[in-house]
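Geometric and topological summary
One letter stands for each residue in the lines below.
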Amino acid sequence: MISFWPRPRPELCLGIAPRLPLESSPLAALGLMMWRPSLLLLLLLLRRGAQGKPSPDAGPHGQGRVHHAAPLSEALHDDAHGDFQYDHEAFLGREVAKEFDQLTPEESQARLGRIVDRMDRAGDGDGWVSLAELRAWIAHTQQRHIRDSVSAAWNTYDTDRDGRVGWEELRNATYGHYEPGEEFHDVEDAETYKKMLTRDERRFRMADQDGDSMATREELTAFLHPEEFPHMRDIVIAETLEDLDKNKDGYVQVDEYIADLYSAEAGEEEPAWVRTEREQFRDFRDLNKDGQLDGSEVGHWVLPPAQDQPLVEANHLLHESDTDQDGRLSKAEILGNWNMFVGSQATNYGEDLTRHHDEL
């Protein structure tokens, strides 16, 4: 097996927040970045042996690499029957919404009022909440888990505490410090780690939009969660192609696609689900029907077009609360419909409002 310590640190190589237990980091990483298992993770899975079963990163019916936007809430959107649970979780975030029952209606409305002020200040500060400001707030609450993971990683990467993460800081924190020309001389499977380092540097350069080799918090977020940023789309596609395209012809053949999901034992009959995946490849993945996936088709597969859920919910809340039909919400209109926004469930806003929210 690979010696994980002192270098590199696998939880950082996987592009996730540090400090995960070593034995849990591959599966935890899959939950955060299922679209792209790292070279390290692939190596681990290969060494464990597939034994005729789908790889753990494959997911049900080959969806392991696909990035689907998480729903704003798992609750039924059933306003017609007075059930606003979906709206609460969409507006507050799921974890915050769980604590709403602890507040009185008066406390809920008071804290909602402070949220209204923040939404307006984060926008144009004109005293009204626009559709764009409402959408931005909903998107902000739904991304809290990403901000938390970046915050957890920030202290590990920003070793000189200057408020930015340089490429050398990230490289050394992840892989350990080496003198030039001595990279991974003391690590088993050095070539694998060199490939991982090259991929990470390429991803960092793509995330570093101003090209100064120093990542702001936003740029580090793009590095750790590229699937969330349109300008990182090409790197997601490139990494997926590199993982699957074993013959290096620039395309994913059907057998390469299947090999990423399933490894048969000698004499074993191909399971029905694998045959279904071949049909999925033919009917839905291979858009131009040439028998292989190019970069565009890979992108359509792993980063499928998605509905703008925060915008849909913002439109809904605006429509239900805009009593004067002027296309914007006053503080009075929002508080007048407070039950839909926060209802009898409420929040740890007392804690949330004291935190820094530079991202919004």
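Since the structure is predicted, the reported quantities are computational estimates derived from the model, not experimental observations.

Time to look at the overall build of the protein chain. The helix and strand inventory of the protein chain stands at 19 helices and four strands. A separation threshold of at least 6 residues defines the contact pool for the protein chain, and within that pool the share at least 24 residues apart is 65%. A total of about 17,700 Å² of accessible surface is found on the protein chain, and carbon and sulfur atoms cover 52% of it.

The next point concerns unusual backbone geometry. The phi dihedral of Ser-213 is positive, around 65 degrees, even though this residue is not glycine. Inspection of the secondary structure puts Ser-213 in the loop between helix H10 (190–207) and strand S2 (214–215). Positive phi, close to 55 degrees, is recorded for Gln-325, a residue that is not glycine. Positionally, Gln-325 belongs in the loop between helix H16 (309–321) and helix H17 (331–336).

This brings us to the environment of Ser-108. Mapped onto the elements of the fold, Ser-108 is located in helix H6 (residues 105–122). Ser-108 gets classed as buried once you look at its relative accessible area, which sits at 1%. Along the primary structure Ser-108 and Val-342 are separated by 234 residues, whereas in three dimensions their C-alpha atoms are 6.8 Å apart.

All right, on to the packing of aromatic side chains then. Across all of its chains, the model carries ten aromatic pairs by this definition. Aromatic ring contacts, followed pair by pair, group Tyr-175, Tyr-178, Phe-184 and Tyr-193 into a single cluster. Directly above the ring of Phe-223 sits Arg-203, whose terminal nitrogen or CZ lies 5.7 Å from the centroid.

What follows concerns helix H11 (residues 217–224). In terms of burial, H11 is largely enclosed, as six of its eight residues are buried. Three or more residues of H11 are buried, namely Glu-219, Leu-220, Thr-221, Ala-222, Phe-223 and Leu-224. Those residues of H11 that are buried are in contact with helix H8 (144–157), strand S1 (165–166), helix H9 (167–175), H10 and S2.

In this section: the nonpolar core. In globular proteins that are soluble, nonpolar side chains generally tend to be buried together. Tyr-157, Leu-170, Phe-184 and Leu-220 are the most contacted members of the largest nonpolar core, which totals 44 residues. A per-element tally of this core places H10 first, with six residues. Residues contacting Leu-170, with those up to four places away along its chain left out, are Tyr-157, Val-165, Phe-204, Leu-220 and Phe-223. In terms of nonpolar packing, the next biggest core, distinct from the first, is built from 25 residues, Leu-72, Met-119, Trp-137 and Leu-329 among them.

Another aspect to go through is the environment of His-140. Here His-140 is to be found in helix H7 (residues 131–142). With relative accessibility at 4%, the residue His-140 sits in the buried group. In this structure the C-alpha to C-alpha distance between His-140 and Pro-310, which are 170 residues apart in sequence, comes to 9.3 Å.

The next point concerns the packing of H7 against H16. Each pair of packed helices can be described by the angle between their axes along with the distance between the axes. Contact geometry of H7 with H16 gives a least axis separation of 8 Å together with a crossing angle of 125 degrees. Overall, the two elements H7 and H16 adopt an arrangement that is oblique. For H7 against H16, the interelement crossing comes out right-handed. Listed contacts from H16 to Leu-131, Leu-134, Arg-135, Ile-138 and Ala-139 of H7 are Pro-310, Leu-311, Glu-313, Ala-314, Asn-315, Leu-317 and Leu-318. A class-by-class count of the residues in the contact of H7 with H16 yields nine nonpolar, one polar and two charged.

The next subject is the side chain of Glu-219. Tracing the chain through its elements places Glu-219 in helix H11. One buried charged residue, Glu-219, forms no salt bridge at all, with the nearest opposite charge on Arg-164 at 7.9 Å. When sequence neighbours within four positions are dropped, the list of residues in contact with Glu-219 reads Ala-207, Asp-208, Gln-209, Asp-210 and Met-214.

Below, the discussion takes up H8. Over its 14 residues, H8 extends 20 Å from the first C-alpha to the last, a length consistent with the 20 Å expected when each residue adds 1.5 Å. Buried residues of H8: Arg-144, Ile-146, Arg-147, Ser-149, Val-150, Ala-153, Trp-154, Thr-156 and Tyr-157, and no others.

Further remarks concern the UniProt feature "domain: EF-hand" (unreviewed entry) in the protein chain. Summarizing the sequence annotation, UniProt attributes the feature "domain: EF-hand" (unreviewed entry) to residues 145–180, 195–230 and 232–267 in the numbering used throughout. Between the end C-alpha atoms of residues 195–230 the distance is 25 Å, and the span holds 58% helix and 6% strand.

Here the structure, examined in full by the defined rule, presents 17 salt bridges. A salt bridge links Arg-205 to Glu-201, with the nearest nitrogen and oxygen atoms 3.0 Å apart. Of this pair, Arg-205 and Glu-201 both sit in helix H10, four residues apart, which is roughly one turn of the helix. Relative accessible area serves as the criterion here: at 31%, Glu-201 is assigned to the partly exposed category. The salt bridge partner of Glu-239 is Arg-203, with a shortest N-O separation of 2.8 Å.

Thresholds applied
- Residues numbered from 1 in each chain as written.
- Predicted model: local features only at pLDDT ≥ 70, side-chain atom pairs only at ≥ 80, totals over all residues.
- Heavy atoms only, no water.
- Helix = DSSP H or I, 4+ residues; strand = E, 2+ residues; numbered from the N terminus.
- Contact = heavy atoms within 4.5 Å.
- Areas by Shrake-Rupley, 256 points an atom, 1.4 Å probe, with all protein chains shown as cover.
- Buried < 20%, exposed > 50% of the residue type's maximum accessible area, 1.4 Å probe, protein only.
- Phe/Tyr/Trp six-rings, centres within 6.5 Å; stacked < 30°, edge-to-face > 60°.
- Lys NZ or Arg CZ within 6 Å of the ring centre and 35° of its normal.
- Core = buried A, V, L, I, M, F, W, Y, C linked by side-chain atoms within 4.5 Å.
- Axes fitted to C-alpha atoms, helices over the stretch in contact; angles between N-to-C directions.
- Parallel < 35°, antiparallel > 145°, perpendicular 65-115°, else oblique.
- Left-handed = near helix turned anticlockwise from the far one by under 90°.
- Nonpolar A, V, L, I, M, F, W, Y, C, P; charged D, E, K, R; others polar.
- Lys, Arg positive; Asp, Glu negative; His and termini not counted.
- Salt bridge = Lys/Arg side-chain N within 4 Å of Asp/Glu carboxyl O.
- Expected span 1.5 Å × (residues − 1).
- UniProt positions renumbered as here; feature names shortened; annotations may be inferred.

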